Amino acid sequence: TENQQLFSLTAAFAVRLSGTKYGCGIGGCGACTVMISTYEPTSKKIMHYPANSCLLPICSLHSSAVTTVEGVGSTKTRVHPIQERLAKCHGSQCGFCTPGMVMSMYALLRNHPEPSMEQITAALDGNLCRCTGYRPIIDTYKSFTGVGRKTNRSPFSKVSTNFECSMHSGLCNPEEFQPVDPTQEFIFPPELMRMAQEQQKRTLVFRGERTTWISPTNLRELLELKAMYPKAPLIVGNTSVGLEMKRDGVHHPVFIHPTRIPDLHVVSNTNNGLVIGAACSLAQLRDILMKVVPELPEEKTKIFRALLQQLKTLAGEQIRSLASLGGHIVSRGSTWDLNPVLAVGNSVLSLASKDGTRQIPLNDQFLAGYENADLKPKEIIVSVFIPYSKKDDFVSAFRQAERRRNAVSVVNSGMRVLFKPNTDIIMDMNILYGGTGPITVSARKSCQRLIGRQWNEQMLDEACKLVLGEISLSPSAPGGKVEYRRTLLVSFLFKFYLEVLYGLNKMVSGFPLLVDNALPISVLSLGYHILIKQDVDPVQPPQDPVGRPIMHQSGVKHATGEAVYCNDIRAVDEELFLAVVTSSRAHAKIVTYYLNITPLPYTVTVHLYVLGVLQVICVGQIVCAVVAESAVQAKQGVEKMKIEYEDLEPILTIEDAIKHNSYFGKEKKIEQGNIEEGFKSADEIIEGEIHIGGQEHFYLETNSVLVVPRGEDNEMDVHVSTQDAARVQEFVALALDVQSSKIMCHTKRVGGAFGGKITKPAIFAVVAAVAANKTGRPIRFTLERDEDMLITGGRHPFFGKYKVGFTNDGRITAADIEPYINAGCTLDDSEMVIEYVVLKTDNAYKIPNLRIRGRACKTNLPSNTAFRGFGFPQSGLFTESWITTVATQTGLPQEKIREINMYKEVNLTPFKEELDATNLVKCWKECMEKSEYYSRKTAVEEFNKQNYWKKKGIAIIPMKFSVGFNATQYHQAAALVHIYTDGSVLVTHGGIELGQGIHTKMLQIASRELKVPLSYVHFCETSTITVPNAIVTAGSIGSDVNGKAVQNACQILRKRLEPIINKNPEGKWEDWITEAYDQSVSLSATGYFRGYMVNMNWDTGEGQAFPYFVFGAACSEVEIDCLTGDHKNIRTDIVMDACFSINPAVDIGQIEGAFVQGVGLYTMEEIKFSPEGEQYTLGPDTYKIPAVCDIPEQFRVYLLPNSRNPIAIYSAKGIGEAGLFLGCSVFFAIWDAVAAVRKERGLTGTFTLNSPLTIERIRMACADNFTEMVRLDDHNGLFWPWNL
Ligand SMILES: Cc1cc2nc3c(=O)[nH]c(=O)nc-3n(C[C@H](O)[C@H](O)[C@H](O)COP(=O)(O)OP(=O)(O)OC[C@H]3O[C@@H](n4cnc5c(N)ncnc54)[C@H](O)[C@@H]3O)c2cc1C
Ligand code: FES
Ligand code: FES
């Protein structure tokens, strides 16, 4: 539609450059990053900046140059050093985030040929990656800094010397990097310069059917336009207006685009302060302030420094480059970070309209939108005056967000106090808070009352009470976290109090702290490195790639954007687009459906398919589908669809389900020893409960399917982003009532899956196939991020009850465990997940008397499904929690309790499977050693003695992870290998590329077995045509079992070739193949692996449940800010028993990526539902996965040396999932820090911390006077909470 043409760069690209990816559509993920270059005719400067193309109105780009990843480099021309290094350093896994990562770095390097690490991490703030854990990306980009010796290798600085690299990973060889070639960079097109010059004086008007875009050239014209169209937004960055249009469907008939007007870009330094044009971007403002601050006396720059502090962490670089100061001020989001600071700094807005100019203060009344303090409809902001601070002024800024960077604040604040000269008597004071309601608010009355007071503890105490009284936050306030937000109000105030005290140089004696303690935790200084302990056998032939860190088979294509994902498949003739209508109720009968008769704005061919749903059992359930000529039309059709419901009582939580006896399947139970006797022999018994939240998969590529009817015999091609093509085939065949042999499923690659694309894609494929069948036309169906998050469910939320008996010396004698998972509304994989929870609860511990009884709860939430680790991340954390509690109760160190109770040597699991724990103990000891646990623990304790408001914590956690499935048939695998007459080899197998590098490993195996160079072997796609009935790619065993099948096929072929080779041993591979062909020897073979034998008997609770175990240990150290709940991951050391890794780069990548995903699960990712069961967290704005800022400053991964796993191929181990659980070492390090806080505050005894340990939970657990103040002021529980 025309709105779409004006607005979406990605959708409007007729040129079909699909390298730029679409991950969220709201500026939150960075997958769509492009570089915009503009020419400024007056200054004759070319500017480059990164931008989120999903928010870029296409009209705003007139006379700009847009560089997409294809323009940076390609395999057809030349691959750019950024792309090449990212691929060679293993910086891509699924590759879906990779083009965005390349573009952010490219834009940075265009502006700063030799950036600092700080600039690099800032440039990547706005780019999310769900696979890699960022370490390899940072490592790659580090090679462009001046860090390390002889490292001048930026492509933009002309010097290119030795590539001696500061990277220590040993996983790539910087010597191999291509030399730098500055001539490769694109030149700003001269015709655009000419255009910019010529058009300087021409108004640009773009007219669509419903929308007009006007770009005036001078202020007078702008003001006339504004008078003519007072309601038209002035669109600059579109980061606020764009979101409203996308989210709320707001329509604007006219847009005024004022960015060509010089008055709006002015930057001038006056006697009293800075004047900044309203159209200056936030990135420009930051750069201006960074330049100005060091040039001015310190006392003048307090406001500027406070602004800078906010600007450095606000949003990502792409948004900072787009968003304008004027837009920021006028859109007045309650959590926008600059407004409170600008307001306390007494900034002034210069306004203009056709009727003249005037100035108004940017104060709380303006921010509240009071009519007499606001812009008039015909007025615009020309510039903003930000005054210098005075000598007796103190200005501070605070913000606390759910993620350290690229997340809007939960609460922010600007605070200012002015003292009577040379005293500590308050003359004036101003405090504004954002995030407490719909607008930024002022504690105006409180400040008034404090004027004349001295800056001391009594004043602070009263100030806290006044502020809490004045800034109201109802217990059911939207956004929840009410107690936490109220605590932040006073915690910030306290921080301000200390900062000012420090400034006044007037430490009050006897105050129990040092000022530095309350200052924010420093930002990351990234010093990652890892050490690898895998050398291949020196006698291994150099061409044999097994065991070597071979680059991902698609690495370069990821980085150039050439890798094709499902939705990148070119438009198919006559294709239609599908969108779905989903239930808005958790549990209800459908009374009627109807298509709202108001005419649609365009000619829309809408085909509506009601999918026979009479009752809905969760919000987000697909009810019917709409098919139309374009994706936008299909969505408009969805909006016109109305459903009337009759509500039924929903069950939402695990507690509700327990109460209503609402379960799937039977109780799963295992028991060993005699539990009653065990409790009798205990000195003490503790009981408790823990909640562990769910997790969104947040794969960067949303679910996507393209169904193409072949037109004969009911045949259909289904291109689908799935982990289980056979299931898709089976479901589609069933739905269409055709034989499976007619349905051909194809998956080239998947942009991340993590278990989330096992069961769900079949549903989407069925919906699309039904529509394709009805219309006889191809159907494309790609979910928006919010739909994907709404519909697909995630990791199961968990609730566990425990009763644990132990002796005073820390031996656990008995444990009675009851785990529950919230399965949601359908069975999906939940029965298997609860089985795994039960089977894996022991983790690394021998509990002599143990009973575990698990249930999967049936509720009215979207159906939860498989997720990396499959129940173990929950059950393992649960176990480690009660182990930690035993430590607290006995007063013994945590690591002692772990050591005492750990499996040693050969043992039996609670279900009587044999277990050799030798490597578990080795990993533990090696991790202790490598992390220097004891000396660092002492250092942590020392730090904690010195610091009251900041604490450090350290924890070391062991792991036993069982690989694979507890059913033999899930381990079978097949492969098909063809050798063509030119000697080239095509390998295919049942495994799907999810980013885990399975094809890379398969090619390595084929190369070794056939004894041909890797370059001879190719992989094309996974398809149900080539390998039938393949098992799902999951459970960490994809490479294991498919590897065996590929090996088998290659060995069969090699055997067939042997007589020919023996006859002509000196011949070349090609000669042998020609000869084989001539002798009519078949050059194609299928390989098969029957699978690992397992048998678990749930009636007896005994059996061989898993093929083998992976062991590991991780030690993490953190620092927390007790006043805000902020935390920093300082260092992590992981030792993993990966045995002989087929590809250490891939395996390390899996360990690191999974670990960071685990850090997300346990410390920040929080799914929120309304009390009616509606999911609130539906995008990167509300759901925070780890970003670059969240990984440990020092991150070391070691593979346990000299370990072998005889049952698997080449003695490898599947380690795709195991690392995730080790993320809980961060959780327990935080626990350790919180324990130190509580102990110091006199809160002895045990306590429970639920997962995720978010800023809110950390802060509230660090109980102190401030949390007490907030609790005292509490309500009586008589309210309707915002969230469940
Ligand atoms: C992904 C994302 C993350 C973000 N994170 C943060 C964050 O962490 N902290 C934070 O503070 N903010 C954050 N923001 C918000 C961001 O700061 C604002 O959206 C932005 O500053 C608005 O500027 P803009 O130029 O894009 O406004 P636009 O969307 O272009 O315009 C917004 C409004 O301002 C009006 N306007 C613009 N210029 C003028 C003018 N000169 N005179 C009169 N009216 C004018 C327009 O009419 C319109 O109504 C985030 C936004 C996004 C999309
Ligand atoms: S798609 Fe644009 S930022 Fe996510
Ligand atoms: S590689 Fe970054 S999201 Fe997959």
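Every value quoted in this text rests on a predicted model; they were computed, and no experiment measured them.

*Asks:* Any chance you could explain the pattern of salt bridges here in plain terms?
*Replies:* Think of it this way: side chains of opposite charge can pair up when their charged atoms draw near. Applying the stated criterion across every chain, the model contains 65 salt bridges. Where Arg320 meets Glu317, a salt bridge forms, and the shortest distance between an N and an O atom there is 2.9 Å. Here Glu317 and Arg320 lie together in helix H13 (residues 317–322), a separation of three residues that amounts to about one turn. Grouping residues by exposure puts Arg320 and Glu317 together as buried. Linked through salt bridges whose partners overlap, the residues forming this network are Asp125, Arg286, Asp287, Glu317, Arg320 and Arg405.

*Asks:* In this structure, what is going on with the UniProt feature "binding site: Mo-molybdopterin" (unreviewed entry) in the chain? I would like to understand it.
*Replies:* The UniProt record marks Gln723, Phe754, Arg868 and Gly1035 with the feature "binding site: Mo-molybdopterin" (unreviewed entry), using the residue numbering of this structure. For the annotated residues, spread through 313 residues, the largest C-alpha to C-alpha distance comes to 12.4 Å, consistent with a single compact locus. Locating Gln723 in the fold gives a position in the loop between strand E25 (716–720) and helix H24 (725–736). Once residues lying within four places of it in the same chain are set aside, the contact partners of Gln723 are Ala753, Phe754, Gly755, Gly756, Lys757, Ile758, Ile992, Leu994, Val1032, Thr1033 and Ala1034. Side-chain polar atoms of Gln723 contact the backbone nitrogen of Gly755, separated by 3.0 Å. For Arg868, the position within the fold is in the loop between strand E30 (849–858) and helix H28 (872–890). Arg868 has contacts with Phe754, Arg795, Pro873, Gln1150, Gly1153, Ala1154, Gln1157, Gly1216, Glu1217 and Leu1220, leaving out every residue within four places of it along the chain.

*Asks:* Looking at this structure, how should I read the UniProt feature "binding site: [2Fe-2S] cluster 1" (unreviewed entry) in the chain?
*Replies:* Per the UniProt record, "binding site: [2Fe-2S] cluster 1" (unreviewed entry) is annotated on Cys24, Cys29, Cys32 and Cys54. Over a stretch of 31 residues, the named residues converge on one spot in the fold, their C-alpha atoms separated by at most 10.2 Å. Secondary-structure assignment places Cys24 in the loop between helix H2 (9–12) and strand E1 (33–40). Tracing the chain through its elements places Cys32 in the loop between H2 and E1. Those residues in contact with Cys32, other than ones at most four positions away along the chain, are Thr20, Lys21, Ala51, Asn52, Ser53 and Cys54.

*Asks:* Teacher, can you tell me more about the environment of Asp647 here?
*Replies:* Residue placement: Asp647 occurs in strand E21 (residues 641–647). Taking the C-alpha atoms as reference, Asp647 lies 6.2 Å from His587; in sequence the two are 60 residues apart. Discounting residues that sit within four places of it in the chain, Asp647 has contacts with Arg585, His587 and Ala588. At 3.0 Å, the side chain of Asp647 and the side chain of Arg585 are in polar contact.

*Asks:* Whenever I open this one, the site of ligand 1 confuses me. Can you help?
*Replies:* Lining the immediate environment of ligand 1, one finds 33 residues, of which Val236, Thr239, Val241, Ser324 and Asp337 sit closest. Here an oxygen atom of ligand 1 and a backbone polar atom of Asp337 are 2.6 Å apart. Ile381 has a polar backbone atom sitting 2.9 Å from a nitrogen atom of ligand 1. Contributions of two or more residues to the shell around ligand 1 are made by helix H10 (241–248), helix H14 (325–331) and strand E11 (380–387). The element best represented in the shell around ligand 1 is H14, accounting for five residues. Residue classes in the shell around ligand 1 are distributed as 20 nonpolar, eleven polar and two charged.

*Asks:* How should the environment of Gln454 be read in this particular structure?
*Replies:* You can see Gln454 is positioned in the loop between helix H17 (444–450) and helix H18 (457–470). For the pair Gln454 and Phe419, spaced 35 residues apart in sequence, the C-alpha to C-alpha distance is 9.2 Å. A polar side-chain atom of Gln454 sits 3.2 Å from a polar atom in the side chain of Asp424.

*Asks:* Help me understand the packing of helix H4 (residues 81–88) against helix H5 (residues 98–111), please; the structure alone is not making it clear to me.
*Replies:* Packed helices, taken two at a time, are described by the angle their axes make and the gap between the axes. Direction vectors running N to C along H4 and H5 enclose 135°, while the axes themselves pass 10 Å from each other. Here H5 runs oblique to H4, going by the angle between their axes. Considering only the axes of H4 and H5, their crossing is right-handed. Contacts from Ile82, Gln83 and Leu86 of H4 reach H5 at Thr98, Met101, Val102, Met105, Tyr106 and Leu109.

*Asks:* What should I look at first to understand the packing of H4 against helix H7 (residues 135–142) in this one?
*Replies:* Where H4 contacts H7, the axes come no closer than 9 Å and their chain directions differ by 135°. Looking at the two axes, H4 sits oblique to H7. Pair H4 / H7 crosses with right-handed handedness. Contacts from Ile82, Arg85 and Leu86 of H4 reach H7 at Ile137, Thr140 and Tyr141.

*Asks:* So what exactly am I meant to see when it comes to the sheet that holds strand E3 (residues 65–67) here?
*Replies:* One key point about sheets: their strands pair by backbone hydrogen bonds, in either a parallel or an antiparallel sense. With antiparallel pairing, the three strands of this open sheet are ordered in space as E2-E1-E3. With partners counted over all chains shown, the strands left at the sheet margins are strand E2 (45–52) and E3, one partner each. Pairs of neighbouring strands in the sheet enclose a mean axial angle of 25°, with direction left out of account. Of the strand pairs in this sheet, E1 and E2 are connected by eight bridges, and their pairing is antiparallel. Bridging across to E2, Tyr39 finds its partner in Ile46. Contacting E1, E2 and E3, H5 runs over the sheet at an angle of about 30° to E1.

*Asks:* Any chance you could explain the side chain of Asn843 here in plain terms?
*Replies:* The residue Asn843 is located in the loop between helix H27 (830–840) and E30 in this model. Given the relative accessible area of 0%, Asn843 is considered buried. Polar side-chain contacts of Asn843 include one of 3.0 Å to the backbone nitrogen of Lys960. Not counting the four nearest positions on each side in its chain, Asn843 is found in contact with Phe872, Glu880, Tyr903, Pro958, Met959, Lys960 and Phe1221.

*Asks:* I'm lost on unusual backbone geometry in this one. Help?
*Replies:* For residues other than glycine, phi is negative in most cases, and the peptide bonds are mostly trans. In the segment running from Ser1251 into Pro1252, the intervening peptide bond is cis, with an omega of 0°. Relative to the elements of secondary structure, Pro1252 occurs in the loop between helix H37 (1224–1240) and helix H38 (1255–1261). With phi around 45°, Asp828 is a residue other than glycine that occupies positive phi space. Assignment of secondary structure puts Asp828 in the loop between strand E29 (812–824) and H27. Taking the relative accessible area as the measure of exposure, Asp828 reaches 24% and is therefore partly exposed.

*Asks:* How do you make sense of the pairing of strand E35 (residues 985–989) when you look at a structure like this?
*Replies:* A regular strand places its side chains so that they alternate between the two faces of the sheet. Most of E35 sits out of view: five of its five residues are buried. The two faces of E35 match: Val985, Val987 and His989 on one face and Leu986 and Thr988 on the other face are all buried. Bridge count for strand E34 (residues 973–979) against E35 is five bridges, and the pairing is antiparallel. Bridging from a neighbouring strand, Leu976 pairs with Thr988 of E35. Where E34 hands over to E35, the hairpin turn is made up of five residues, of which Gly983 adopts a positive phi near 95°.

*Asks:* Would you mind going over the nonpolar core with me for this structure?
*Replies:* Considering soluble globular proteins, one finds that nonpolar side chains tend to be buried as a cluster. Residues Tyr141, Phe304, Trp455 and Trp882 are the most contacted members of the largest nonpolar core, which totals 290 residues. Each residue touching Tyr141, except ones within four places of it in the same chain, is listed here: Ile82, Leu86, Met101, Val102, Met105, Ile120 and Leu124. Membership of the second largest hydrophobic core comes to 36 residues, among which are Ile622, Ala753, Ala768 and Ala772.

*Asks:* Is there a simple way to think about the sheet that holds strand E6 (residues 254–256) in this case?
*Replies:* With mixed pairing, three strands are arranged side by side in an open sheet as E4-E5-E6. The open sheet terminates on both sides in strands that have one partner only, identified here as strand E4 (204–207) and E6. The sheet shows a mean angle of 10° between the axes of neighbouring strands, taken without regard to direction. Sheet analysis places strand E5 (residues 212–215) next to E6, joined by three bridges and oriented parallel. Across the sheet, the residue bridging to Ile214 is Ile256, located in E6.

*Asks:* Can you help me understand the pairing of strand E16 (residues 576–582) in this one?
*Replies:* The buried fraction of E16 is high, at six of seven residues. Judged from the two bridges that link them, E16 and strand E27 (residues 779–782) form a sheet pairing that is parallel. Opposite Phe577, over in E27, you have Arg780 as the bridge partner. Here E16 runs beside strand E20 (residues 622–628); their pairing, made up of six bridges, is antiparallel. In the sheet register, Leu578 faces E20, and the bridge partner there is Val627.

*Asks:* Explain helix H33 (residues 1038–1063) to me, please; I cannot follow it from the model alone.
*Replies:* Note: α-helices contain 3.6 residues per turn, so residues at a spacing of three or four share the same orientation. Taking 1.5 Å of rise per residue, the 26 residues of H33 would be expected to cover 38 Å, and the 37 Å separating its terminal C-alpha atoms lies within 8% of that figure. Along H33, the sharpest change in direction is near 45° and occurs at Leu1057; proline Pro1059 comes one to four residues later.

About the thresholds
What you see as residue numbers is a count from 1 along each chain, following the sequence as written. Think of it this way: whatever chain is written first is A, whatever ligand is written first is 1, and the rest follow in order. Reporting of local features is limited, given that this is a predicted model, to residues whose pLDDT is at least 70; pairs of side-chain atoms are given and counted only at 80 or more, and all residues count toward the totals for whole chains, interfaces and linings. Side-chain calculation: all heavy atoms of the structure are included, whereas hydrogens and water are not. What makes a salt bridge here is a side-chain nitrogen of Lys or Arg within 4 Å of a carboxyl oxygen of Asp or Glu, nothing more. In this description a helix means any DSSP run of H or I spanning at least four residues, a strand means any run of E spanning at least two, and both kinds are numbered starting from the N terminus. Partly exposed residues are those whose accessible area sits between 20% and 50% of the maximum for their type, while under 20% is buried and over 50% is exposed, using a 1.4 Å probe and protein chains only. UniProt positions are given in the numbering used here, feature names are shortened, and annotations may be inferred rather than shown by experiment. Should any heavy atoms of two residues lie within 4.5 Å, those residues are counted as being in contact. Counting of polar contacts relies on pairs of N or O atoms within 3.5 Å, with two restrictions inside protein: one atom must be capable of donating a hydrogen and the other of accepting it, and residues adjacent in sequence are counted only when both atoms are side-chain atoms. For this purpose, a residue is taken to be near a molecule or strand whenever a single non-hydrogen atom of the residue falls within 4 Å of it. Gly falls in the polar group here, along with every residue not listed as nonpolar (Ala, Val, Leu, Ile, Met, Phe, Trp, Tyr, Cys, Pro) or charged (Asp, Glu, Lys, Arg). For helices, the fitted axis covers only the stretch in contact; all axes are lines through C-alpha atoms, and the angles between them, taken along N-to-C directions, range from 0 to 180 degrees. Working rule for angles: under 35 degrees goes down as roughly parallel, over 145 as roughly antiparallel, 65 to 115 as roughly perpendicular, anything else as oblique. Handedness of each helix crossing follows the sense of rotation of the near helix against the far helix: counterclockwise by less than a right angle gives left-handed, clockwise gives right-handed. DSSP bridges decide pairing: two strands pair if at least two such bridges lie between them. In these notes, a set of buried Ala, Val, Leu, Ile, Met, Phe, Trp, Tyr and Cys residues joined through side-chain atoms within 4.5 Å is what counts as a nonpolar core. To estimate how far a helix should reach, multiply one less than its number of residues by 1.5 Å. The bend reported for a residue corresponds to the angle between axes fitted to the seven residues ending at that residue and the seven starting there.

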